[in-house]
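Overview (structure and organization)
Chain by chain, the residues run as shown.
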Amino acid sequence: MDNSLPPADELVLVDRELAQLDARRSQLLARRAWLIRVLHAPAASAALPPRPPVADSTPRGAQNVLLTLGGTLLTIAAIAFTLVSWGSMGIGGRAAVLSAVTAAALLAPVALLRRSLVSTAEAVAALGMVLMVLDAFALHRVALPETDGLGYAAVAAAVLAAAWTAYGSALSRLRVPLPVAVVAGQLPLPLGVLAAGGGSTVFAWAALLTAAADGAAVLWARPAPVRITAVTGAVALGGWALLTGGLLSLTSPWDGAPLLLAGVAVTLYLAWRRPSLAVAASAVAGLAAVTAVGGLLRAVVPADWAVPGYVLCGLAAASVWWLRAGTAGTTSASTPEAGTRPGGSTADTSGARLPAGVRLGLACAGAATAALGVVWALPPVAAGLLGPLARTTEVWSGEHAEHASAWYPGTAALVLAVTAAALASLPRLWARCGALALVWALLTALPVSLGLPFAATLALQLLTSAAALCIAVRPGPATRGLRTTAAPGGRSGAPGTDSGPGAPTPPVTAPSAAPSGPSADGPSAPPAGGPGAPWPGWAPVRPRTQAPVAAPGTVLGWSAYAGGLASAVSAVALSLDVRVATFLALGVVLGLCSAVAVLGVDARRVVSACGAVLTATGLVFAVAAAGGFEDHWTALGLLLVPAATAALGARAPRPVALAIEITGGAVGLLALGIAASRPAFLALALALGGVIAAATAVRPERRRFAAWTAAALFLSATWVRLAVWDVTTPEAYTLPVTVPALVVGFLRRRRDPEASSWTAYGPGLAATLLPSLFAAWTDPEWVRPLVLGVAALVVTLLGARFRLQALLVLGGTVLALDGLHELAPYVVQAVGALPRWLPPALAGLLLLAVGATYEQRLRDARRLRDRVARMR
């Protein structure tokens, strides 16, 4: 082996390399061990000693199943003994058996509890209680057969409930007796009322008293099963009593009101003492109170004022929310929002001790009542807004259709007004939006509710639209007094809580140092720089992104804007009854939309600008209809709209300019469709549209699209005009396309010599050569084929001279086909004059010549293909 280094030097080099390999191997092994520890740390930490196989059921569960089955079987046997075998024994035997078995079943749990056999004691005690029911049944059948069944059942239920309560209290470790006693306690009063022949009202009072007793059990009973059973009974019987009271408030308010108010007292007391049930219980109490008081008002006021009475009661219940919880003798205004009424005044709520849950429940009940009242008041709003759209009379007939909801009570407007005033007093964004919507609904419903005449209705709708659009442009006054939430960065965010000087400042926590010990989530990383150190890397903590909060002015502005547009559309539809009113409404709406397009912000400007264009279109139609113009003259008048939008688009901001130009273009297409019935006017309309597009093409940002649009419109106008003149020569239609296209292609080739000739000249040449070729093949005259052949020859020579592929291919193809068309008759005559054997002979000679020079011809064809391919 021939080495370039001496053996001693090479040995040193090999040892050095081996030492480096060992060091690298140690580093990789340390890294591998760390990675394995990271990957398998959760599995290793979760490893536990092997467990015995899990049984399908626990011993406790099996014991409960066995005890339940045993108790059930004994109960069935006792029932069968009582009902079937009772007659085979005398009175003494019967009493002795029942007494002995019942006493044994009730006393056995005492001994069982001493031995800690709780489940067995539960089963035996349940059996004893069932035997007590059977004892009561047997006592009625044997000793008291003449007693009324319902009355006896009521007394027996009361006695059993008392006995089971005492039994469960004595043996407190048993869980069954007390809940069963609560269930039995639901029966005495209702059954007693039924036994006495009481009506539905008395039965409802009995159910309410029983529910009150259940509420007491909920408040003072400790075992959870007892409270759950009592709550269930209270909900069932109390709900029945309140439903009965609600029905009575509709038919006999003075009978239903005391029942409902008594239920309110019971429910509020339960909500006051039990915070976990405060919201639900107080909401039920609020609804019951509104029903009771509203029913009394309904009995003394006219029928049309019934719903406003309920709404007022609901708003009164909702106003309880402004009472703050506190202690007697202290003012709740010391806390944020405490007793603060709308407008900044502070209410002295000393001594008010309403829990937050009670206030919330009552407020929800009142708000639900007011919301139902608003829903009741919506039909006049729908009639005032949508009624003009459902037209039943002719346009400009002077007849006015009657409102569909004219029969509706006029107090619906009062409901909207009162609810709007209540919402406006709340310094919250949602309330201010609701108040704004209700004010708009009130103004829309007033003409229907008050039966206003046509002129007053139209004026009110236009004023409503104007006011709403003014708020949409300048929502500042509508946001006055709103509470805002401090957004991140110190900016004002959405309404919710105070952010003024008196608002509490959240504590700022200093960033804590990074822990140096192991992480609780996984194994610690090896020290940096060691052999087991992890690969370098750093994962930055991504900050939480705050959801964007819409400004109050934006929300209110959009709400008002939607109402303003709806009122404007309704006003225009209503004005179609009278000619002068139509021009007045369209003019006002045009002014309003233009003002919003100029003074507004965000998308409202764009929508308003489009609305202004459409309103101007409506004005053109109205002028044409008033002047009795024919459709084609109307179409020419409509072209004023795209002309105006093109002029305004040059000065308007970009989003607004694009929107109005697109809308104007749509109006222009409508004008072309209307003018299509008269081709001469269609040609004129197309030419005018081309002028408008050409004027728009002067602007740099619209140059490309507008220029092509103008060219297409001018070309279409030319074609339509030629069709009107009955011109059938195809060149008259194609040359106006070919000449500009070739000029454009020539200019492009001067600017970009590398551009393909197919792109520059191909479309222009094909637009004339191909239709002329088709016409020449069907033309019996010689002039067209001659002119086409000369033109194709010139194009071919130019393509060969300037090495332009498109000109050479198109010109040569057209020239060859044109020449074939001209020579075809003579070829046919010559072939007909020759002997029949001559054509096959000539074909054979041709094939022999081609076959003999095949390789040379193939090379010539490839050379020709390459030359043509190298052309532009």
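Just above sits the structure.
Notes on the structure in this doc start here. Numbering of residues begins from 1 in every chain and follows the order in which that chain's sequence is written. Only residues with pLDDT of at least 70 get local features here, since the model is predicted, and only at 80 or more are side-chain atom pairs given and counted; chain-wide, interface and lining totals rely on the full set of residues. Only hydrogens and water are set aside; all other atoms, that is, all heavy atoms of the structure, feed into the side-chain values.

1. Some remarks on the nonpolar core
One recurring pattern in soluble globular proteins is that nonpolar side chains are buried together. For the purposes of this section, nonpolar cores are sets of buried Ala, Val, Leu, Ile, Met, Phe, Trp, Tyr and Cys residues that join through side-chain atoms within 4.5 Å. Between buried and exposed lies partly exposed: a residue is buried under 20% and exposed over 50% of the maximum accessible area for its type, with that area taken using a 1.4 Å probe on protein chains only. If you look at the biggest cluster of nonpolar residues, it comprises 25 residues, and the most contacted ones within it are Leu682, Ala685 and Leu686. When contributions to this core are tallied by element, the ones reaching two or more residues are helix 20 (602-627), helix 21 (631-638), helix 23 (654-675), helix 24 (679-696) and helix 25 (703-724). Those residues in contact with Leu686 that lie beyond four places of it in its chain are Leu672, Leu713, Ser716, Ala717 and Val720. Residues Val374, Val415, Ala420 and Leu423 belong to the second largest nonpolar core, which totals 23 residues. To qualify as a helix, a DSSP run of H or I must reach at least 4 residues; to qualify as a strand, a run of E must reach at least 2; elements of each kind are numbered from the N terminus. Only heavy atoms matter for contacts: two residues are in contact if any of them lie within 4.5 Å across the pair.

2. Remarks on helix 8 (residues 200-220)
Counted at 1.5 Å a residue, the expected span for helix 8 with its 21 residues is 30 Å, and the 30 Å between its end C-alpha atoms agrees. Within helix 8 the residues assigned to the buried category are Ala204, Ala206, Ala207, Leu208, Thr210, Ala211, Asp214, Gly215, Ala217, Val218 and Leu219. Where helix 8 is buried, its residues contact helix 6 (177-185), helix 7 (188-196), helix 9 (224-251) and helix 10 (253-273). A helix is expected to span 1.5 Å multiplied by its residue count minus one.

3. Details of the packing of aromatic side chains
Pairs were defined over the aromatic rings of Phe, Tyr and Trp, the Trp ring being its six-membered one, requiring ring centres within 6.5 Å. Orientation was assigned from the angle between planes: stacked under 30 degrees, edge-to-face over 60, tilted for the rest. Scanning the entire structure with this criterion turns up 5 aromatic pairs. Taking the centre distance of 6.4 Å and the plane angle of 90° together, the rings of Phe203 and Trp240 count as edge-to-face. Highlighted residues: Phe203 in helix 8 and Trp240 in helix 9, separated in sequence by 37 residues. Pairing Trp558 with Tyr561 gives two aromatic rings, centres 5.7 Å apart and planes at 90°, and the pair type is edge-to-face. Here Trp558 and its partner Tyr561 are both found in helix 18 (residues 552-575), 3 residues apart, which amounts to about one turn of the helix.

4. Considering the packing of helix 17 (residues 454-473) against helix 19 (residues 579-599)
Geometry is summarised by axes, namely lines fitted to C-alpha atoms with helices restricted to the contacting stretch, and by angles between N-to-C directions that run from 0 to 180 degrees. Direction vectors running N to C along helix 17 and helix 19 enclose 5°, while the axes themselves pass 10 Å from each other. Taken together, helix 17 and helix 19 sit at an angle that is classed as roughly parallel. Between helix 17 and helix 19, the contacting residues are Phe454, Leu458, Leu462, Ser465, Ala466, Leu469 and Val473 on the first element and Ala581, Ala585, Val588, Val589, Leu592, Val596 and Leu599 on the second. Throughout, the ten residues Ala, Val, Leu, Ile, Met, Phe, Trp, Tyr, Cys and Pro are labelled nonpolar, Asp, Glu, Lys and Arg are labelled charged, and all others, Gly among them, are labelled polar. Here the contact of helix 17 with helix 19 is composed, by residue class, of 13 nonpolar, 1 polar and no charged. By definition in this entry, angles of less than 35 degrees are roughly parallel, angles greater than 145 are roughly antiparallel, angles of 65 to 115 are roughly perpendicular, and the rest are oblique.

5. Focus on a nonpolar patch on the surface
Together, Trp254, Leu261, Val293, Leu297, Val300, Val301, Trp305 and Leu414 make up an exposed nonpolar region whose accessible area comes to about 720 Å². Residue assignment for the nonpolar patch shows that the elements contributing at least two residues are helix 10 and helix 11 (278-300). Broken down by element, the nonpolar patch gets its largest block of residues, 3 residues, from helix 11. Among the secondary structure elements, Val293 is positioned in helix 11. Residue classification places Val293 among the partly exposed residues on the basis of a relative accessible area of 37%. Patch membership needs two things, relative accessible area over 30% and no salt bridge, and members are linked within 9 Å if like-charged or within 5 Å if nonpolar (Val, Leu, Ile, Met, Phe, Trp, Tyr). Values of accessible area rely on a 1.4 Å probe in the Shrake-Rupley scheme; residue burial ignores everything except the protein chains shown. Salt bridges are defined as contacts in which a side-chain nitrogen from Lys or Arg sits within 4 Å of a carboxyl oxygen from Asp or Glu.

6. Considering the packing of helix 5 (residues 149-170) against helix 6
Closest axis-to-axis distance for the helix 5/helix 6 pair is 8 Å, and the angle between their directions is 160°. The orientation of helix 5 relative to helix 6 falls into the category roughly antiparallel. Relative to helix 6, helix 5 is oriented so that their crossing is left-handed. Together, Ala157, Ala161, Trp164, Thr165, Tyr167, Gly168 and Ser169 of helix 5 and Pro177, Leu178, Val180, Ala181, Ala184 and Gly185 of helix 6 make up the contact between the two elements. Considering only residue class, the contact of helix 5 with helix 6 consists of 9 nonpolar, 4 polar and no charged. Crossings are classed by handedness, with left-handed meaning an anticlockwise turn of the near helix from the far one by less than a right angle and right-handed meaning a clockwise turn.

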